[in-house]
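# Examination of the molecular architecture
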Amino acid sequence: MRPAVSPPGGAQANSFLTALMLTRAAEQHFYLLLTMSEIKDKSIDTFLQELASKAATPGGGSAAAVMGAQSAALTSMVCNLTIGKPKYAEVEADMKALLETSEALREQLTGMIKADVDVFDKLMACYSLPKETEQQKAERSAQIQTVLKEATEVPLACAKACREAIELSQIAANKGNLGVISDAGVAVMAGYAALKSAALNVYINAGSIKDKDFADARIAELESLLASADIKTEEIYQIVKAKLQ
């Protein structure tokens, strides 16, 4: 006969409950992953339906990643419709190199759609932790602060990728097939919208972080990404516009 195992008491009980709550939250999230396909594998209509619903995810962070991925995809489109054309033989090597880079970026941004959902769900699980005792409150607060840092890093990484998407669209605008040059313009505008959107998610999460050195460093990094984005985007837009007239 097995000896009875008494549940932990006092401080040990609080830690036990916290661990149990996190484990259950993780199990629930894993179940959702098993029963739901990834956003990237769903139809556009299904994604938009979920985006418009009362569900917390997907949200603005995932939408920003989608816009960034669209920017990279449009740059790839310009490349694919330029490569192999005798008229653009002089820039073929450049466009092949651009295509390789833009496709890698598209894959990276597509992965960020799920990354945003995952970190948000993780944060919500932390907010659901027990807060009956002072120790529970302290542990809950510590968990929230840890995940808030992750929730800041995810959109910051998205912002970096979107800033790169803007730069790549300029090469497409300068060297791409004139028949699809307007798509390079759409690429830069999608990248810009994605960058500004991702920035908002950095700001909202960094604002709740108590570690001000961490928060200030991430905001400074973001500001450097945003600093010349307006001018650069307008410059590329005007390059495209001039080629259409």
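For the protein, the helix and strand inventory stands at eight helices and zero strands. Each helix and strand of the protein, placed in order from N terminus to C terminus, yields the pattern α-α-α-α-α-α-α-α. Per-residue burial for the protein yields a buried fraction of 40% across its 245 residues. With the model as given, the accessible surface of the protein reaches about 13,400 Å², and the carbon-plus-sulfur share is 59%.

Moving on, we come to the confidence of the model for the protein. Residues of the protein with pLDDT of at least 70 account for 84%, and the chain-wide mean is 89. Confidence over residues 25–36 falls short of pLDDT 50; this stretch has five contacts with residues more than four positions distant or in other chains.

The next subject is the packing of helix 4 (residues 92–127) against helix 5 (residues 134–175). Working note: a packed helix pair is described by the angle between its axes plus the distance between those axes. Two numbers describe how helix 4 lies on helix 5: the axes approach to 9 Å, and their chain directions differ by 160°. When the axes of helix 4 and helix 5 are compared, the pair comes out roughly antiparallel. Every pair of crossing elements has a handedness; the one defined by helix 4 and helix 5 is left-handed. Of the residues in the contact of helix 4 with helix 5, the class split is 23 nonpolar, four polar and seven charged.

Turning our attention to unusual backbone geometry. In the segment running from T57 into P58, the intervening peptide bond is cis, with an omega of 0°. Secondary-structure assignment places P58 in the loop between helix 2 (44–52) and helix 3 (60–80).

All right, on to the nonpolar core then. L105, L109, C158, L195 and L222 are the most contacted members of the largest nonpolar core, which has 41 residues in total. Listing elements by their share of this core, those giving two or more residues are helix 3, helix 4, helix 5, helix 6 (181–206), helix 7 (212–226) and helix 8 (229–244). Sort the elements by how many residues they give to this core and helix 5 lands first, with ten residues. The residues touching C158, leaving out its near neighbours within four places in the chain, are A64, A65, L109, M112 and A198. Listed in part, the 13 residues of the second largest apolar core include L123, C126, L148 and A151.

For S102, the position within the fold is in helix 4. Separated by 3.1 Å, the side chain of S102 and the backbone oxygen of L99 make a polar contact. Residues within four places of S102 in sequence aside, it is in contact with A72, T75, S76 and L168.

This next bit is on the packing of aromatic side chains. Tallied over the full model, the rule gives zero aromatic pairs. Positioned over the ring face of F214 is K149, at 5.1 Å from the centre of the ring. Residue placement shows R218 over the ring face of F214; its charged tip is 3.9 Å from the ring centre.

Here the focus is the packing of helix 5 against helix 7. Contact geometry for helix 5 and helix 7: axes closest at 10 Å, N-to-C directions at 15°. Taken together, the axes of helix 5 and helix 7 are roughly parallel relative to one another. Pair helix 5 / helix 7 crosses with left-handed handedness. Mapping the contact onto sequence places K149, T152, E153, L156, A159, K160 and R163 in helix 5 and F214, R218, E221, L222 and L225 in helix 7. Looking at the contact of helix 5 with helix 7 residue by residue, the class counts come to five nonpolar, one polar and six charged.

Glancing now at a nonpolar patch on the surface. Among the surface-exposed residues, I44, L48 and L51 lie close enough to one another that they form a single nonpolar patch of about 290 Å² accessible area. With respect to the helices and strands, the residue L48 is situated in helix 2.

For the rest of this paragraph, the subject is the pattern of salt bridges. The final tally for this structure, using the stated rule, is eleven salt bridges. Notably, a salt bridge pairs K114 with D118, separated by 2.7 Å at the nearest N-O pair. Linking K114 with D118, this pair stays in helix 4, spanning four residues, or about one helical turn. The exposure class of K114 is partly exposed, given its relative accessible area of 27%.

The rules behind each value
- Residues numbered from 1 in each chain as written.
- Predicted model: local features only at pLDDT ≥ 70, side-chain atom pairs only at ≥ 80, totals over all residues.
- Heavy atoms only, no water.
- Helix = DSSP H or I, 4+ residues; strand = E, 2+ residues; numbered from the N terminus.
- Buried < 20%, exposed > 50% of the residue type's maximum accessible area, 1.4 Å probe, protein only.
- Areas by Shrake-Rupley, 256 points an atom, 1.4 Å probe, with all protein chains shown as cover.
- pLDDT = per-residue confidence, 0-100.
- Contact = heavy atoms within 4.5 Å.
- Axes fitted to C-alpha atoms, helices over the stretch in contact; angles between N-to-C directions.
- Parallel < 35°, antiparallel > 145°, perpendicular 65-115°, else oblique.
- Left-handed = near helix turned anticlockwise from the far one by under 90°.
- Nonpolar A, V, L, I, M, F, W, Y, C, P; charged D, E, K, R; others polar.
- Core = buried A, V, L, I, M, F, W, Y, C linked by side-chain atoms within 4.5 Å.
- Polar contact = N/O pair within 3.5 Å; in protein donor to acceptor, adjacent residues only side chain to side chain.
- Phe/Tyr/Trp six-rings, centres within 6.5 Å; stacked < 30°, edge-to-face > 60°.
- Lys NZ or Arg CZ within 6 Å of the ring centre and 35° of its normal.
- Patch = residues over 30% accessible without salt bridge, like charges linked within 9 Å, V, L, I, M, F, W, Y side chains within 5 Å.
- Salt bridge = Lys/Arg side-chain N within 4 Å of Asp/Glu carboxyl O.

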